[in-house]
Amino acid sequence: MALTSPRRAGRRTNVGLLALLLLSGGTGVLAFAVGSPGPARLVVAVHGAAGLGLLLLVPWKAVVVRRAWRRPAGTRGAGGVSLGVATLLTLLTGVLHAAGVTGPWSWSAGVPVLHVHVAAGVATGALVVVHAWGRRQRPRTTDLGRRGLLRAGALGAGAMALWGSGEGLLRLTGAPGAERRATGSFERGTDDPVAMPVTQWISDTVPDSPAAVLVLTAPGRRVRVPVADLDRGDVVRAVLDCTGGWYAVQDWRGVRLDRLLTEHLGRELPVDGSVDVVSGTGFRRRLPLVEAGRLLLATHAAGRPLTPGHGAPVRLVAPGRRGFWWVKWVARVEVVDAPWWLQSPFPLQ
Ligand SMILES: Nc1nc2c(c(=O)[nH]1)N[C@H]1C(S)=C(S)[C@@H](COP(=O)(O)O)O[C@H]1N2
Ligand SMILES: [Mo]
């Protein structure tokens, strides 16, 4: 990083920091959305490298900060100290999660370290807006010149190297983090649903008396199916991968959704339609109907009926999708014409 000495720190340092913060924030959100291992591995690597890359700019930023503190208060960006603290907390909790080393920090006040990471990351995002507001560090065309690209390339390479050494270190030391899945999640309760965590997305709770009848609808049609009729022996082995940082592989048993829909609603379903899977609690997700052949309404896991916490009597199994798609306590399945992406990207409850 000898391309510029720290004494020349300034606008470019800030632009570099901003770029890394935007990249780590964007890939952080993406990491919640992707479920398939290939893309997840890439997103998680860029996320980690962008976060660690921030450390490389610390010597330069220190000069910027020291210089700013000599100026009158009104001429500095607001909230700089809070932003620094939030950024470092986000980094620290990210590293602790990735390493998977358990300790008092694993569950701070009952909250897994990954949730602290997400909360600190969101706070960092808000503080960046406050801090950079009115002090816009505009990119210049020269940033895209040869020297600018060289600097950006050096920063990118340094960040990747830092991330790579971190991953290497986890493997060398045999830290639990070496075992994590492409999404970054740790194994909990594979083939043993009792040992699998019970988690809700935000505010949902286990219902006292979940529906014993499933309502299936399509435009102009409505059928009621007792949940007792849903165990048709269709089995799917699939990974439930929660954005809270754990995953479990189970043999899920029940009925394939395409089979159930064609049996009860007929064959002329709109091919480009969607299917709304709605919990008795109101929690809901919309999926493309073409995917119905890969979806399962499960009544059993590992050969045993689902427990109330895991969605009894019936839940959705959505292979390749993150946990928040796996709607529990399913009460209604509705075939609709609207596109699947016409919904909040993440559940709201
Ligand atoms: N109705 C409902 N279904 C839900 C959720 C929820 O909050 N409400 N949380 C989802 C999330 S985020 C995950 S990871 C899985 C967790 O399933 P489990 O509790 O059986 O482990 O359920 C999903 N299904
Ligand atoms: Mo989750």
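This structure is a prediction, so every number in the text was calculated from the model and none was measured. Residue numbers here run from 1 along each chain, matching the order of that chain's written sequence. For this description, chains carry letters from A and ligands carry numbers from 1, given in the order in which they are written. Reporting in this predicted model follows two pLDDT cut-offs: at least 70 for local features of residues, and 80 or more for side-chain atom pairs to be given and counted; totals over whole chains, interfaces and linings ignore these cut-offs and use all residues. Only hydrogens and water are set aside when side-chain values are computed; all heavy atoms of the structure are taken into account.

1. Points about the overall build of the protein chain
Scanning the protein chain for helices and strands turns up 7 helices and 13 strands. Dimensions of the protein chain, computed from C-alpha atoms along their principal axes, come out at roughly 75 × 45 × 35 Å. Working definition: with a 1.4 Å probe on protein chains only, accessible area under 20% of the residue-type maximum means buried, over 50% means exposed, and in between means partly exposed. Among the 349 residues that make up the protein chain, the fraction classed as buried is 43%. The contact criterion used is simple: two residues touch if any of their non-hydrogen atoms lie within 4.5 Å. Within the protein chain, counting contacts between residues at least 6 apart in sequence, those at least 24 apart form 70% of the total. A positive count includes Lys and Arg, and a negative count includes Asp and Glu. His and the chain ends are not counted in either. Charged side chains are reduced to one point each, which is NZ for Lys, CZ for Arg, CG for Asp and CD for Glu. If the 41 positive side-chain charges of the protein chain are averaged to one point and the 21 negative ones to another, these points end up 20 Å apart. Each helix is a run of DSSP H or I of at least 4 residues and each strand a run of E of at least 2, with the numbering of both proceeding from the N terminus.

2. Concerning the packing of aromatic side chains
Under the pairing criterion, centres of Phe, Tyr and Trp rings, with the six-membered ring standing for Trp, must be within 6.5 Å; the plane angle then separates stacked pairs below 30 degrees from edge-to-face pairs above 60, leaving the rest tilted. Tallying each qualifying case throughout the model produces 7 aromatic pairs. Taking the centre distance of 5.4 Å and the plane angle of 70 degrees together, the rings of Phe324 and Phe346 count as edge-to-face. Highlighted residues: Phe324 in the loop between strand 12 (315–317) and strand 13 (330–336) and Phe346 in the segment after strand 13, separated in sequence by 22 residues. For Phe324, a relative accessible area of 5% corresponds to the buried category. By way of ring pairs, the aromatic residues Phe32, Trp201, Phe324, Trp325 and Phe346 are connected into one cluster. Charge-over-ring contacts are defined here by two conditions on Lys NZ or Arg CZ: a distance within 6 Å of the ring centre and an angle within 35 degrees of the ring normal. A cation over a ring is seen here: Arg181 above Tyr247, with NZ or CZ 5.8 Å from the ring centre. Taking NZ or CZ as reference, Arg285 lies 4.7 Å from the ring centre of Trp325, over its face.

3. Details of the domain arrangement of the protein chain
Assigned domains within the protein chain: domain 1 (6–184) and domain 2 (193–336). What marks off one domain from the next here is an automatic or database domain assignment. Placing the centre of domain 1 and that of domain 2 at their C-alpha centroids yields a distance of 37 Å. In short, buried area is how much 1.4 Å probe accessible area vanishes from two parts on joining, totalled over both. Where domain 1 abuts domain 2, roughly 850 Å² becomes buried across the two surfaces, and 54% of that area is made up of carbon and sulfur atoms. The largest share of the area that domain 1 buries against domain 2 comes from Phe32, Gly35 and Arg181, three residues that together contribute 54% of it. The term salt bridge refers to a side-chain nitrogen of Lys or Arg lying within 4 Å of a carboxyl oxygen of Asp or Glu. Summed over the shared surface of domain 1 and domain 2, the number is 1 salt bridge. For the purposes of these results, a polar contact is taken to be a pair of N or O atoms within 3.5 Å, where, inside protein, one atom must be able to donate a hydrogen and its partner to accept one; residues adjacent in sequence count only when each atom of the pair is a side-chain atom. Put simply, domain 1 and domain 2 have 3 residue pairs in polar contact (both at pLDDT 80 or more) between them.

4. Focus: the pairing of strand 10 (residues 296–301)
In terms of residue burial, strand 10 counts as a mostly covered element, since 6 of its 6 residues are buried. A strand pair is defined by DSSP finding two or more bridges across the two strands. Bridge analysis of strand 7 (residues 246–256) against strand 10 gives 5 bridges, and the strand direction is antiparallel. Bridge assignment links Arg253 to a residue of strand 10, and that residue is His300. As judged from the 3 bridges shared by strand 10 and strand 12, these two strands associate in the antiparallel manner.

5. With respect to the site of ligand 1
Any residue with a heavy atom lying within 4 Å of a molecule or strand is counted as near it. Surrounding ligand 1, one finds 21 residues, the nearest of these being Pro197, Asp204, His310, Arg315 and Lys328. Contacts to ligand 1 include Trp326, whose backbone N or O atom sits 3.0 Å from a nitrogen atom. Within the contact set of ligand 1, an oxygen atom lies 2.5 Å away from a side-chain nitrogen or oxygen of Lys328. For ligand 1, the protein covers 100% of the area, taking 530 Å² as the surface of the free molecule. All residues other than Ala, Val, Leu, Ile, Met, Phe, Trp, Tyr, Cys, Pro, Asp, Glu, Lys and Arg, Gly among them, are scored as polar; the first ten of these are nonpolar and the last four charged. Partitioning the shell around ligand 1 into residue classes produces 11 nonpolar, 7 polar and 3 charged. To measure how exposed things are, a 1.4 Å probe is used in the Shrake-Rupley method; for residues, cover is taken only from the protein chains shown.

6. What to know about the environment of Ala301
Among the secondary structure elements, Ala301 is positioned in strand 10. The exposure class assigned to Ala301 is buried, which follows from its relative accessible area of 4%. For the pair Ala301 and Leu162, spaced 139 residues apart in sequence, the C-alpha to C-alpha distance is 41 Å. Here Ala301 is in contact with Pro193, Asp251, Trp252 and Leu306, once residues within four sequence places are set aside.

7. Focus on a nonpolar patch on the surface
Surface patches are drawn from residues lacking salt bridges whose relative accessible area is over 30%; two like charges belong together within 9 Å, two nonpolar side chains (Val, Leu, Ile, Met, Phe, Trp, Tyr) within 5 Å. The grouping of Leu55, Val58, Leu88 and Leu162 at the surface amounts to a nonpolar patch, some 320 Å² of accessible area in total. Looking at the element boundaries, Leu88 is found in helix 4 (residues 80–99).

8. Quick word on the pattern of salt bridges
Counted under the stated rule, the structure contains 16 salt bridges. Measuring nitrogen to oxygen at the nearest pair gives 2.6 Å for the salt bridge that ties Arg181 to Asp241. Of this pair, Arg181 sits in the loop between helix 6 (146–173) and strand 3 (186–187) while Asp241 sits in strand 6 (residues 234–242), and the two are 60 residues apart along the sequence. Here Asp241 falls in the buried class, since its relative accessible area comes to 1%. The partner of Arg237 in a salt bridge is Asp191, and the shortest N-O contact between them spans 2.9 Å. Of the two residues, Arg237 is situated in strand 6 and Asp191 in the loop between strand 3 and strand 4 (213–218); the sequence distance between them amounts to 46 residues. Owing to a relative accessible area of 46%, Arg237 belongs among the partly exposed residues under this scheme. What emerges from the salt-bridge pattern is a single network uniting Asp276, Arg284, Arg286, Arg332 and Glu334.

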